[in-house]
Amino acid sequence: MLDRQQTGIVFNVQKFSVHDGEGIRTLVFLKGCPLHCPWCSNPESQRREPERAYNPTRCLTAAVCGRCAKACPTGAVSIVGGLVCFDRSKCTGCNACVRACPSGAQTVYGETQSVDQILSRVEEDGVFYTRSGGGLTLSGGEALAQPDFALALLREAKKRHIHTTIETCGHYPTDVLDQACRVLDALIFDIKCLDSARHKKATGVGSELILKNIGHVFEHFPDLPVLIRTPVIPGFNDTEEDILGIREMIPRKANIRYEALTYHRMGQPKYGYLGRRYELEGVKADEAFMKRLNIMLKSYEK
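What counts, and where the lines are drawn
- Sequence positions are assigned chain by chain, starting from 1 and proceeding in written order.
- This being a predicted model, a pLDDT of at least 70 is required before a residue's local features are given, and a value of 80 or more before pairs of side-chain atoms are given or counted; all residues contribute to the totals for chains, interfaces and linings.
- Neither water nor hydrogens contribute to the side-chain values; these are computed over all heavy atoms in the structure.
- Put simply, a salt bridge is a Lys or Arg side-chain nitrogen that is within 4 Å of an Asp or Glu carboxyl oxygen.
- Between buried and exposed lies partly exposed: a residue is buried under 20% and exposed over 50% of the maximum accessible area for its type, with that area taken using a 1.4 Å probe on protein chains only.
- Points on a 1 Å grid over protein atoms alone make up a cavity when a 1.4 Å probe fits among them but cannot get out, and a pocket when they form an open set with protein on both sides within 12 Å along at least five of seven lines; lining residues each have an atom within 4 Å of a point.
- Grid points are joined across faces, edges and corners, and a volume is the space filled by probe spheres set on the points.
- Secondary structure follows DSSP: runs of H or I at least 4 residues long count as helices, runs of E at least 2 residues long count as strands, and numbering of each begins at the N terminus.
- Each residue receives one of three labels: charged for Asp, Glu, Lys and Arg, nonpolar for Ala, Val, Leu, Ile, Met, Phe, Trp, Tyr, Cys and Pro, and polar for the others, Gly being one of them.
- A pair of strands counts as paired when DSSP detects no fewer than two bridges linking them.
- Angles run from 0 to 180 degrees between N-to-C directions of axes, and those axes are lines fitted to C-alpha atoms, restricted for helices to the stretch in contact.
- What makes two residues a contact is simply this: any of their non-hydrogen atoms within 4.5 Å.
- Here is the rule for angles: anything less than 35 degrees is roughly parallel, anything more than 145 is roughly antiparallel, 65 through 115 is roughly perpendicular, and the remaining ranges are oblique.
- When the near helix sits turned anticlockwise from the far one by under a right angle, the crossing is termed left-handed; a clockwise turn instead gives a right-handed crossing.
- Only buried Ala, Val, Leu, Ile, Met, Phe, Trp, Tyr and Cys residues count toward a nonpolar core, and they belong to the same one when joined by side-chain atoms within 4.5 Å.

This model, assessed by the stated rule, comprises 17 salt bridges. Measuring nitrogen to oxygen at the nearest pair gives 3.7 Å for the salt bridge that ties Asp 190 to Lys 192. Residue Asp 190 shares its accessibility class with Lys 192, and that shared class is buried.

The following block contains the structure:
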């Protein structure tokens, strides 16, 4: 199969991003992730298959609309006490309610798209990439959890002279990352915790493979621009020992940067849309600690 014909499951294409690689970029979010971080800001990305979601804040209300309930053949969407209610146990995934909803309150995260379809959208903003040094960033979920699709996207983008970056958790076979790095212009790689037992307790997997993979990048792709990121999560890795330990193991080279990210809860509402509970309810970042931490990290850049 030609790369441009390869298909995968994508849940969002976000244009004009300036925080996920150099310049102005188009982010393509792929479904599926081997980690299950409770602080994940994209919970709709974790499962590989498309997922039904209901956002009540976008609903026009049963009194004004109610089309979703009328369209649903199984009673999964109903009107109870004047409110639109969604019973996931009755949903068969026919998406009749989604097609009937005029406001996007009823939606599906994830659809099958081809490499050609995705890159046609990416190329619409080619003039902005040229002027800003931007391009395509693959994200997720974990982009390389769909390796055939992600690698085909990267190869085809390279043929079309589009600057390529991926944001990755690093947990997959090393040969997959090796193939990706051969056609990448930059890499954004998360290292959350060096302690494998704590990493597994929090995310569902240990850190051994992740650390092996970043070591492979450092050894075999020494000139590739790399940004290492650590989300600082209260109660998980929010100590100087944790963060400075990660910084210490990163080579001090001009093409390798490190960033500690402040914990945020911007993705919390989406857990409700998916019928899930947000496990870090009430947890807040320690802004004073983050300020001290960033001052300490600056010393490594000298």
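The computed volume of the largest pocket comes to approximately 910 Å³. Around the largest pocket, the lining comprises 35 residues; the ones closest to its centre are Ser 41, Asn 42, Asp 190, Arg 229 and His 264. Here the element with the most residues in the lining of the largest pocket is strand S12 (residues 256-262); it accounts for 3 residues. Classifying every residue of the lining of the largest pocket by side-chain character gives 13 nonpolar, 14 polar and 8 charged. There is about 310 Å³ of room inside the second largest pocket. Surrounding the second largest pocket, 20 residues form its lining, Gly 21, Glu 22, Ile 188, Leu 227 and Arg 257 being those nearest its centre. For the lining of the second largest pocket, the secondary-structure elements that each account for two or more residues are strand S9 (163-168), strand S10 (186-190), strand S11 (226-232) and S12. For the lining of the second largest pocket, a count of residues per class yields 9 nonpolar, 5 polar and 6 charged.

Read across the open sheet, the 8 strands follow the order S7-S1-S2-S8-S9-S10-S11-S12; overall the sheet is mixed. Each of the sheet's edge strands pairs with one partner strand only, and the pair in question is strand S7 (111-114) and S12. This sheet shows a mean twist of 30° between the axes of neighbouring strands, independent of strand direction. Helix-sheet contacts for helix H11 (residues 287-298) involve S11 and S12, and the interaxial angle to S12 is about 170°.

Now for the pairing of strand S1 (residues 7-17). Side-chain direction in a regular strand flips from residue to residue, so the side chains alternate between the two faces of the sheet. Relative to S7, S1 runs antiparallel, the two being bridged by 4 bridges. Looking at S7, one finds that Gly 8 is bridged to Gln 113. Where S1 and strand S2 (residues 25-30) come together, 5 bridges link them in antiparallel fashion. Among the inter-strand pairings, Asn 12 is bridged to a residue of S2, identified as Phe 29.

Space left empty within the atom packing is revealed by a probe, the size of a water molecule, rolled over the atoms. Tallied over the full model, the rule gives 3 cavities of 30 Å³ or more. A volume near 80 Å³ is recorded for the largest cavity. Its residues assigned to classes, the lining of the largest cavity shows 8 nonpolar, 4 polar and 1 charged. If you add up the space inside the second largest cavity, you get close to 70 Å³. Around the second largest cavity, the lining residues are Cys 59, Leu 60, Cys 65, Gly 66, Arg 67, Cys 68, Ala 100, Cys 101, Pro 102, Ser 103, Ala 105 and Gln 106. Taken together, the residues of the lining of the second largest cavity break down into 8 nonpolar, 3 polar and 1 charged.

A word on the packing of helix H5 (residues 147-159) against helix H6 (residues 174-181). Running from N to C, H5 and H6 point in directions that differ by 15°, and their axes come no closer than 10 Å. Judged by the angle between their axes, H5 and H6 are roughly parallel. For the crossing formed where H5 meets H6, the hand is left-handed. Residues Pro 147, Leu 151 and Leu 154 of H5 pack against Val 176, Gln 179 and Ala 180 of H6. In terms of residue class, the contact of H5 with H6 is built from 5 nonpolar, 1 polar and no charged.

In this structure, Leu 138, Leu 144, Val 217, Ile 228 and Leu 293 are the most contacted members of the largest nonpolar core, which totals 53 residues. Here the element with the most residues in this core is H5; it accounts for 7 residues. Apart from the residues within four sequence positions on either side, Leu 138 is in contact with Val 28, Leu 30, Ala 143, Ala 150, Leu 153, Leu 154, Thr 165, Ile 166 and Glu 167. Among the nonpolar cores identified, the runner-up in size contains 15 residues, and Leu 35, Ala 202, Tyr 271 and Leu 280 belong to it.

Let us now look at the environment of Leu 280. Among the structural elements, Leu 280 can be located in the loop between helix H10 (268-273) and H11. On the basis of relative accessibility, which here comes to 10%, the residue Leu 280 falls in the buried class. Sequence-wise, Leu 280 and Gly 245 are 35 residues apart; in three dimensions their C-alpha atoms are separated by 25 Å. Residues within four places of Leu 280 in sequence aside, it is in contact with Pro 38, Trp 39, Ile 233 and Tyr 263.

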